[in-house]
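Listed here are the chains, written in short residue letters.
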Amino acid sequence: MQSAATALEGFTRSKPAAPGLARRLLALAGDEPAASAEPNLRAFQLLVLLHLAVERASSAIALAARGGSAGHTLLAAGIALVCVASLLAWRKPATARTATFAALAAQLVFVSAAFPHNANHDLLVVLALGLVALLDLRRPEEREVLLQSLRWMTLIILFATGLQKLLHGTYFFGEYLAVRIAHSDSFAALFQYALPEAEFLRLRSLGANPGVAGAALFLGSASGALPEAGTGPYRVHSPLFLVLANGVWVFEMLMPLLLMIRSTRTWAALATLAFLGALQLSARELFFLGIFANCMLLFLPGGNLKARTAFAVFYAAVLLRTLWQARLWLLA
Amino acid sequence: MSLAAKARVACAVLSMLAAWPLCHRALVERYDLDPWRYFGFAMYCYPKTDVAVGFYEIRAGKRRNIPASALPPAVDRELRRFRMERRARGSAHPDRIDARMREAFPQLGELLIVVVTKAYDRDTARFAERFDDYLYRAARSEPVVTRRGFGGRA
């Protein structure tokens, strides 16, 4: 009887159950063992916790400096403290998972309190933490599923950004970018080289700051006041500009497909990272850049681990920028 | 929880994430929501809108403007909250402002709140204004709503 049981156990061991539909679907996003190595995913986890600690601390500092209500400021400070404590608890593998749960809970409280005035990447952070909390990265087979899930999340979000631009239809004639070029210096800075001079000057004449041109625009702001009703039109006819404007949503929808194919994955990941970096010259969405770049690095073997120092410097600079802005708000 | 179950949970969450942008687009259209909000990843798709609010008291058929400088702090706070809410959800009504106004001015007659939404109009490729009039005849009454100007965001 005992030998039969042993034989049966041996049989079940030698014939593992075929993976289900869910695992087969997830595996489409890649199955390289090096990328799901524990140190790399631990680095990803660290960078998400670092991102959250810096972003929530920045929110609390900004709220306090701008004279927010005592209740809101205390809540923001409490959330920030939990996030910083989670970051510190990450150092020991035994407490890293608990830290992830605590950070997830803090982020959920923040998202609920701020809803609907949240940034879109707040959801990305919730999902990333949720997946890291769900799948234990100390176990090799769970690490593999974790890596695949995180990659799928990144692909879906990248595709969604392009799909939304297509559905809203404000890139076909370059309208959205034309509005931003007219009313935001940082957008004008980047796109002044893609527009004929007359068209560029026409768009800038619709805004409040038409006299500034050249490299000085890069020092300007990403946001600007809305113009009077009737201002426009914001359609652009320059072929080069239209190719660039439509190239944005085409790129965002095409790259996820290339990231799924193993032979094109590395250069597609590098191209997307370069694209993200170039966009920040105009958009200045540093927190989105930080968390999305961290997700994109999952497509490069060992990418998150190698970039740890660069991210630490980046987030330190972001925190210093927040402190500098808070000082200006307090002086104003 | 087994690994297979965890994989199913991850798949379910990712499926919802994949379906949400299309639902989001439909909801933005139907309820005049701000495309930048509600986690649809539709940032940089549509220029942001601006909202201004005007107040008029109506007595014996005559309209008298209540200037912003005459608003007490409680109304001013509610007004700021409403402008944020209105930018996120274009169908939001200023009922709470009416309530705060009547607390501050108990003798108030009919109150007309005019909400001016400045937004990009894709049909003309220009910025345009839409005026929504909310006429409150008495405290806690349903407003009579009249819309003037361009049709909406898209």
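Note: the structure precedes this text.
Residues numbered from 1 in each chain as written. Chains lettered and ligands numbered in written order. Predicted model: local features only at pLDDT ≥ 70, side-chain atom pairs only at ≥ 80, totals over all residues. Heavy atoms only, no water.

### Observations regarding the overall build of chain B
Then comes step 1: Helix and strand content of chain B: three helices and five strands.
Then comes step 2: In chain B, the order of α-helices and β-strands from amino to carboxyl end is α-β-β-α-α-β-β-β.
Then comes step 3: The principal-axis extent of the C-alpha atoms belonging to chain B is close to 70 × 45 × 25 Å.
Then comes step 4: Relative to its full complement of 154 residues, chain B shows a buried share of 49%.
Then comes step 5: The long-range share in chain B, meaning contacts at least 24 apart out of those at least 6 apart in sequence, stands at 52%.
Then comes step 6: Working note: accessible area of chain B is about 7,800 Å², and carbon and sulfur atoms make up 55% of it.
Then comes step 7: Taking the average place of the 29 positive charges on the side chains of chain B and the average place of its 18 negative ones, the gap between the two points comes to 4 Å. (Helix = DSSP H or I, 4+ residues; strand = E, 2+ residues; numbered from the N terminus. Buried < 20%, exposed > 50% of the residue type's maximum accessible area, 1.4 Å probe, protein only. Contact = heavy atoms within 4.5 Å. Areas by Shrake-Rupley, 256 points an atom, 1.4 Å probe, with all protein chains shown as cover. Lys, Arg positive; Asp, Glu negative; His and termini not counted. Charge placed at Lys NZ, Arg CZ, Asp CG, Glu CD.)

### What to know about unusual backbone geometry
Then comes step 1: Cis geometry is found at the peptide bond from F115 of chain A to P116 of chain A, where omega equals 5°.
Then comes step 2: Positionally, P116 of chain A belongs in the loop between α5 (93-114) and α6 (121-134).
Then comes step 3: Between G232 of chain A and the following residue, P233 of chain A, the backbone shows a cis peptide bond with an omega angle of 0°.
Then comes step 4: For P233 of chain A, the position within the fold is in the loop between α10 (197-205) and α11 (239-260).
Then comes step 5: Phi is positive for Y38 of chain B, close to 70°, though the residue is something other than glycine.
Then comes step 6: As for its position among the elements, Y38 of chain B is in the loop between α1 (3-31) and β1 (50-59).
Then comes step 7: Taking the relative accessible area as the measure of exposure, Y38 of chain B reaches 15% and is therefore buried.
Then comes step 8: One non-glycine residue, R140 of chain B, lies in the positive phi region at around 55°.

### What about the layout of surface pockets?
All names here are of chain A.
Then comes step 1: By volume, the second largest pocket amounts to about 260 Å³.
Then comes step 2: In terms of lining residues, the second largest pocket is bounded by L177, L190, F191, A194, V243, L244, A245, G247, V248, F275, A278 and L279.
Then comes step 3: Contributions of two or more residues to the lining of the second largest pocket are made by α9 (185-191), α11 and α12 (262-283).
Then comes step 4: With five residues, α11 is the largest single contributor of residues to the lining of the second largest pocket.
Then comes step 5: For the lining of the second largest pocket, the class distribution of residues is eleven nonpolar, one polar and no charged. (1 Å grid on protein atoms, 1.4 Å probe; cavity = no way out; pocket = protein on both sides within 12 Å on 5 of 7 lines; lining within 4 Å. Points joined across faces, edges and corners; volume = space filled by probe spheres on them. Nonpolar A, V, L, I, M, F, W, Y, C, P; charged D, E, K, R; others polar.)

### What to know about helix α8 (residues 175-183) of chain A
Then comes step 1: Judged by how many residues are buried, α8 of chain A sits mostly within the fold: nine of nine residues are covered.
Then comes step 2: Within the span of α8 of chain A, buried status applies to E175, Y176, L177, A178, V179, R180, I181, A182 and H183 of chain A.
Then comes step 3: If you follow the buried residues of α8 of chain A, they end up packed against α9, α10 and α11 of chain A together with β3 (110-121) and β4 (126-136) of chain B.

### Remarks on the packing of α5 of chain A against α6 of chain A
Residues and elements named next belong to chain A.
Then comes step 1: α6 packs onto α5 with a crossing angle of 150° between their chain directions and a minimal axis gap of 9 Å. The orientation of α5 relative to α6 falls into the category roughly antiparallel. Viewed along their axes, α5 and α6 form a crossing whose handedness is left-handed. Of the residues in α6, those touching α5 at R97, T100, F101, A103, L104, Q107, L108, F110 and V111 are D122, V125, V126, L129, G130, V132, A133 and L134.
Then comes step 2: Of the residues that constitute the contact of α5 with α6, the class distribution is twelve nonpolar, three polar and two charged. (Axes fitted to C-alpha atoms, helices over the stretch in contact; angles between N-to-C directions. Parallel < 35°, antiparallel > 145°, perpendicular 65-115°, else oblique. Left-handed = near helix turned anticlockwise from the far one by under 90°.)

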